[in-house]
Amino acid sequence: MPATRDAKTRLAQARTRLVLDRPFLGALVLQLPLVEGGDWCRTTATDTQSFYYNPAYIDRLTGEEVQSVLCHEALHCALLHLHRRGHRARGRWDVACDYAANCLLVAEDMILPQGALYEPKFADLTAEEIYPCLDEMEDKRTQDLHLYGDSSGQEDSAAGPRPLSQAKQNAMAATWQARVSRALDATRQAGRLSGNFERHFSPQLMPRLPWRQLLARYAGTLARDDYSYQRTSTRREGPAIYPSLRGREVDLVTALDVSGSVSDTEIAEFVGEVNAIKGTLRARITLLACDQELSSDSPKVFEPWETLEPPTKVSGGGGTSFRPVFEWVNGQDRMPDLLLYFTDAQGRYPEAEPPYPVLWLVKGRASVPWGERIQLN
């Protein structure tokens, strides 16, 4: 029992140190009550509600390593790792999440415990970006337990905390987003938020409505049937002008970043999504492919009844400039109703915002200077 009390005391002292020295991480760590785990907990664990620990394991760590394991579990919660797995393989996803969390900690000059998963090549990558880089047969084990809504895939967690219901999991995800937002604001106002955390957490808090829903919101407003009081025929009897129902075709410009940072597969998937909604929106689409300049087969125009096809040349090689697309639009005799740009958002932008709406569908964490940004991954 003395070892148990000592472990909890060391954890409490480490949390206090984090609040003083690393306020953003400290604010997150304080959201997880300290709970001693049973035999099922070999090191540490979280279910997004508590920090579970093995006292003997904590006793073996240095003070800096204790801070590190506290932050490791808090980052899993703050980054919504336990909610973003989707249909990915459980073990492989857990390993990707550990790499992502530990890379963030190393970037903050924190000391990882022995055996923690860390690869410099994964620095600044999300778990989704790390996942496909892992060999499915690679024998890696996470330093902790990730307690999902069930105990499948974690043989040692079967005797752990009761699984969270799906409703509780969703509620905890929303709760952690609110906690991260408050911690970011407070630390930013105090001038103590590192650029490392600014880059990783700010995009996470952006609205993540399905981009097809947002596109439909824009284009549906533009394309809706409306009534016109315009006189349509001089042969109509009488002086009265009656309203007539008329429809409007949406003029949509779609731009693809083919600089090499967006894969051919992703471009094909994006084109497929646009095809899935263009008919219902009665959209006439002008497709442009661009890296530093427009591709040789741009533009291509597709009527609402035609199937949108990706450009024949989608493998760029140089940097990215968004200016050629906007310069092309400026050279036309009319403005589009909407410009939809699929990109990683890293490139040269026009100096001035255009007078028409722009939706950026962004793969990655880069920000945009104007327009509406929609996070894809």
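As a reminder, the structure under discussion sits directly above these lines.
This structure is a prediction, so every number in the text was calculated from the model and none was measured.

S.K.: Please clarify how the packing of helix H4 (residues 63–78) against helix H5 (residues 90–107) should be interpreted in this entry.
M.R.: When two helices pack together, their arrangement is captured by the angle between the axes and the distance separating the axes. It is the contact of H4 with H5, at a shortest axis distance of 10 Å, that shows an interaxial angle of 125 degrees. Accordingly, the angle class assigned to the pair H4 and H5 is oblique. Seen along the crossing, H4 lies across H5 with a hand that is right-handed. In contact with Ser68, Cys71, His72, Leu75 and His76 of H4, H5 contributes Cys97, Asp98, Ala101, Asn102, Leu104 and Leu105. Classifying every residue of the contact of H4 with H5 by side-chain character gives six nonpolar, four polar and one charged.

S.K.: Can you walk me through H5 in this structure?
M.R.: Residues that lie three or four places apart on an α-helix share one face, since the helix turns once every 3.6 residues. Taking 1.5 Å of rise per residue, 18 residues should cover 26 Å, and H5 covers 26 Å from first to last C-alpha, within 8% of that figure. Most of H5 is tucked away: 15 of the 18 residues are buried. The positive-phi residue at the C-terminal boundary of H5 is aspartate 109, with phi of around 60 degrees.

S.K.: Can you walk me through the side chain of arginine 10 in this structure?
M.R.: Topologically, arginine 10 is positioned in helix H1 (residues 2–21). Buried and without a salt bridge, arginine 10 has aspartate 59 as its closest oppositely charged side chain, separated by 4.7 Å. Reaching out from arginine 10, the side chain makes a polar contact with the backbone oxygen of leucine 61 at a distance of 2.7 Å.

S.K.: Looking at this structure, I do not really get the sheet that holds strand S10 (residues 338–343). What am I missing?
M.R.: Hydrogen bonds along the backbone pair up the strands of a sheet, which may run parallel or antiparallel. With mixed pairing, the six strands of this open sheet are ordered in space as S9-S8-S7-S10-S11-S12. Of all the strands in the sheet, the pair left with one neighbour each is strand S9 (300–302) and strand S12 (372–375). When the angles between neighbouring strand axes are averaged without regard to direction, this sheet yields 20 degrees. Alignment of strand S8 (residues 283–290) against S9, held across three bridges, turns out to be antiparallel. The residue bridging isoleucine 285 from the neighbouring strand is phenylalanine 302, located in S9.

S.K.: Which parts of the structure should I look at to understand the environment of proline 299?
M.R.: Here proline 299 is to be found in the loop between S8 and S9. We classify proline 299 as partly exposed; its relative accessible area is 36%. Between the C-alpha atoms of proline 299 and tryptophan 328, which are 29 residues apart in sequence, the distance is 9.3 Å. Dropping the residues within four chain positions of it, proline 299 is found in contact with Thr286, Leu287, Leu288 and Trp328.

S.K.: I keep staring at the nonpolar core and nothing clicks. Help me out?
M.R.: A general trend in soluble globular proteins is that nonpolar side chains are found buried together. Membership of the largest hydrophobic core comes to 41 residues, with the highest contact counts inside it found for Phe24, Ile58, Leu70, Leu75 and Phe201. Mapped by element, the contributors of at least two residues to this core are H1, helix H2 (23–29), strand S3 (51–53), helix H3 (55–60), H4, H5, helix H7 (166–189) and helix H8 (195–201). The element best represented in this core is H4, accounting for eight residues. With residues near it in sequence (within four places) discarded, isoleucine 58 still touches Ala7, Arg10, Leu11, Thr44, Tyr53, Val66 and Val69. Phe270, Val274, Phe302 and Leu361 belong to the second largest nonpolar core, which has 20 residues in total.

S.K.: I would appreciate a short explanation of the sheet that holds strand S4 (residues 145–146) in the present structure.
M.R.: Taking strand neighbours across the sheet as the criterion, the four strands line up as S1-S3-S2-S4 in an open arrangement whose pairing is mixed. A strand with exactly one partner marks an edge of an open sheet, and here the two such strands are strand S1 (34–36) and S4. Looking at chain direction, strand S2 (residues 44–46) and S4 are connected through two bridges and run parallel. By the bridge assignment, alanine 45 is partnered in S4 with leucine 145. Taken strand by strand, H4 contacts S1, S2, S3 and S4, and its axis lies near 20 degrees from that of S2.

Rules behind the numbers
Residues numbered from 1 in each chain as written. Predicted model: local features only at pLDDT ≥ 70, side-chain atom pairs only at ≥ 80, totals over all residues. Heavy atoms only, no water. Axes fitted to C-alpha atoms, helices over the stretch in contact; angles between N-to-C directions. Helix = DSSP H or I, 4+ residues; strand = E, 2+ residues; numbered from the N terminus. Parallel < 35°, antiparallel > 145°, perpendicular 65-115°, else oblique. Left-handed = near helix turned anticlockwise from the far one by under 90°. Contact = heavy atoms within 4.5 Å. Nonpolar A, V, L, I, M, F, W, Y, C, P; charged D, E, K, R; others polar. Expected span 1.5 Å × (residues − 1). Buried < 20%, exposed > 50% of the residue type's maximum accessible area, 1.4 Å probe, protein only. Lys, Arg positive; Asp, Glu negative; His and termini not counted. Salt bridge = Lys/Arg side-chain N within 4 Å of Asp/Glu carboxyl O. Polar contact = N/O pair within 3.5 Å; in protein donor to acceptor, adjacent residues only side chain to side chain. Pairing = 2+ DSSP bridges. Core = buried A, V, L, I, M, F, W, Y, C linked by side-chain atoms within 4.5 Å.

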